[in-house]
Amino acid sequence: MRDVTINAGEQVRRAAEIIRGGGVVAFPTETVYGLGANAFDELAAARVFEVKRRPFFDPLIIHIANKGQLGDLVTDIPPLAEKLTDRFWPGPLTVVLPKKTAVPDIITSGLPGAAVRMPSNNIALQLISAAGVPIAAPSANLFGYVSPTSAEHVRSQLGDSVDMVIDGGECDVGIESTIISFMGEQPTLLRPGGTALEDIEDVIGKVTIPANSDLKNQSPGRSDQHYATSIPLVLVDDITGINDVNAGLIALAPNSDIGDIGKFTKVEYLSSNGDLREAACNLFAAMRRLDNSGVGLIAALPIPKTGLGLAINDRLARASRKGVHI
Ligand code: AMP
Ligand code: MG
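Residues numbered from 1 in each chain as written. Chains lettered and ligands numbered in written order. Predicted model: local features only at pLDDT ≥ 70, side-chain atom pairs only at ≥ 80, totals over all residues. Heavy atoms only, no water.

Visitor: Explanation requested: helix 6 (residues 122–131) in the structure shown.
Guide: Because each turn of an α-helix spans 3.6 residues, side chains separated by three or four positions in sequence point in the same direction. Listing the buried residues of helix 6 in full gives Ile123, Ala124, Leu125, Leu127, Ile128 and Ala131. Here the buried face of helix 6 lies against helix 1 (8–20), strand 1 (25–27), strand 3 (61–63) and strand 6 (135–136). Gly132 sits one or two positions beyond helix 6 and adopts a positive phi of about 75°. (Buried < 20%, exposed > 50% of the residue type's maximum accessible area, 1.4 Å probe, protein only. Helix = DSSP H or I, 4+ residues; strand = E, 2+ residues; numbered from the N terminus. Contact = heavy atoms within 4.5 Å.)

Below, the structure is given as structure tokens:
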């Protein structure tokens, strides 16, 4: 992450006061910028939904600064969940566990589980600690649009409707957390994200991947159309079929096998050498740049489905409005 502004401490103090007073603050995390409110204050949480124009059926992830806070939110931490959080917290991993009644239903959209994560970004951790309460925070963008990975992305979409935006530079991971639910018999992947599924399975063994129809019941916000650019995005196996005069292209890395890229108005490579971490980090900013570049269509080439590639494919498939089967 680039250097934060020198008065980061002062920004965090002000932001914590706003959170305690029932306000909403956009803040950096290592995944994407979040739009935060006191997780125990249902009116503050309602404002998050309002600002994002997010439907109430789409629950919020609760962010904590230390493991002790998990016990305030959930009734049970099964051994496999403990193993996972020991290994990957702080970091881009969210666990869904049975919620305590203290967690307002508006946060979980009436579901019996609460989704909780400990971010690794220092500003996020300082903010949660200073606020003294867990912070419920979805991504700080309008519902359905590409997630924000810089303070500028937040300001351009949410502007004056939030009480404060903390500028912490660009996000390190750049893609949302991996969500694992412990609400059923087996650990279940609700969303691929910034912690690779292979690494998770190394720690807890096989994770169930639900069918898309099941997924919608367990994790209602995982709608087919999400992370969408305002102009159409299509996933293609190769570029031969794209003959639009004014199209943009997203590809993993420069590669002569791609073919004649000269026909595209603008090309965004997610990484110079095919590194999937770098690609995940650049994905949303690249989608926004193409969206604002004046092209009429965005074509995206497939990304390998290993490591963070699973999450990148998931976001591109949802942005393409086709829905996905991971
Ligand atoms: P966002 O905060 O926008 O990155 O999205 C949060 C996503 O996490 C939601 O759309 C759900 O898919 C999932 N989620 C959050 N809370 C819960 C929960 N209590 N149970 C199941 N899934 C959840
Ligand atoms: Mg989101």
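Visitor: Even after reading the chapter, I still don't get the sheet that holds strand 13 (residues 297–300), so can you show me in this structure?
Guide: Two strands in a sheet stick together by hydrogen bonds in their backbones, pointing the same way (parallel) or opposite ways (antiparallel). Overall, parallel pairing links the four strands, which are arranged 10-13-11-12 in an open sheet. Because the sheet does not close on itself, it has two edges, and the strands there are strand 10 (233–235) and strand 12 (266–269). In this sheet, adjacent strand axes meet at a mean angle of 20° when their direction is disregarded. Direction of pairing for strand 11 (residues 247–251) relative to strand 12: parallel, over a ladder of four bridges. Across the sheet, the residue bridging to Ala251 is Tyr269, located in strand 12. Against the sheet, helix 10 (residues 276–291) engages strand 10, strand 11, strand 12 and strand 13, with an angle of about 175° to strand 12. Each of strand 10, strand 11 and strand 13 is contacted by helix 11 (residues 309–319), which is oriented at about 125° to strand 10, the strand it contacts most. (Pairing = 2+ DSSP bridges. Axes fitted to C-alpha atoms, helices over the stretch in contact; angles between N-to-C directions.)

Visitor: Looking at this structure, how should I read the pairing of strand 4 (residues 93–98)?
Guide: A regular strand carries its side chains on alternate faces of the sheet. For strand 4, a buried count of five out of six residues is recorded, marking the element as mostly surrounded by other parts of the structure. Pairing analysis gives four bridges linking strand 4 to strand 8 (residues 178–181), with the strands arranged parallel. The residue bridging Leu93 from the neighbouring strand is Thr178, located in strand 8. In this sheet, strand 5 (residues 113–117) lies alongside strand 4 in antiparallel orientation, the contact comprising four bridges. Bridging from a neighbouring strand, Pro98 pairs with Gly113 of strand 5.

Visitor: Sorry if this is basic, but what is going on with helix 4 (residues 79–88) here?
Guide: Taken together, the buried positions of helix 4 are occupied by Ala81, Leu84, Thr85 and Phe88. Axial view of helix 4: buried residues confined to an arc of 95°, hence all on one face. Exposed side of helix 4, more than 90 degrees from the buried face: Pro79, Asp86 and Arg87 are the residues found there. Where the residues of helix 4 are buried, they touch strand 4, strand 8 and helix 8 (197–204). (Arc of directions from axis to C-beta.)

Visitor: Can you walk me through the site of ligand 1 in this structure?
Guide: Lining the immediate environment of ligand 1, one finds 22 residues, of which Arg54, Asp58, Gly113, Arg191 and Ser219 sit closest. For ligand 1, a nitrogen atom lies 2.8 Å from a polar atom in the backbone of Gly113. Contacts to ligand 1 include Arg191, whose side-chain N or O atom sits 2.9 Å from an oxygen atom. Of all the secondary-structure elements, those providing two or more residues to the shell around ligand 1 are strand 5 and strand 9 (188–191). For the shell around ligand 1, the element with the highest residue contribution is strand 5, accounting for three residues. (Near = heavy atom within 4 Å. Polar contact = N/O pair within 3.5 Å; in protein donor to acceptor, adjacent residues only side chain to side chain.)

Visitor: Looking at this model, I keep getting lost on the sheet that holds strand 1. Mind explaining?
Guide: Judged by pairing direction, the sheet is mixed, and its nine strands sit side by side in the order 7-1-2-6-3-5-4-8-9 without closing on themselves. Each of the sheet's edge strands pairs with one partner strand only, and the pair in question is strand 7 (164–165) and strand 9. Pairing geometry for strand 2 (residues 34–38) and strand 6, over two bridges, is antiparallel. Counted as the bridge partner of Ala37 is Ala136 from strand 6.

Visitor: I would appreciate a short explanation of the side chain of Thr188 in the present structure.
Guide: Within the secondary structure, Thr188 is located in strand 9. Not counting residues within four places of it along the chain, the set of residues in contact with Thr188 comprises Ile179, Ile180, Ser181, Val207, Thr208, Pro210 and Gln218.

Visitor: I tried to follow unusual backbone geometry on my own but got confused; where do I start?
Guide: As a rule of thumb, non-glycine residues mostly have phi less than zero, and peptide bonds are mostly trans rather than cis. Cis geometry is adopted by the peptide bond preceding Pro90, which originates at Trp89 and carries an omega value of -10°. With respect to the helices and strands, Pro90 occurs in the loop between helix 4 and strand 4. The phi torsion at Arg53 lies on the positive side, around 55°, for a residue other than glycine. Mapped onto the secondary structure, Arg53 falls in the loop between helix 2 (42–52) and strand 3. Even without a glycine there, the phi angle at Ser109 is positive, about 55°.

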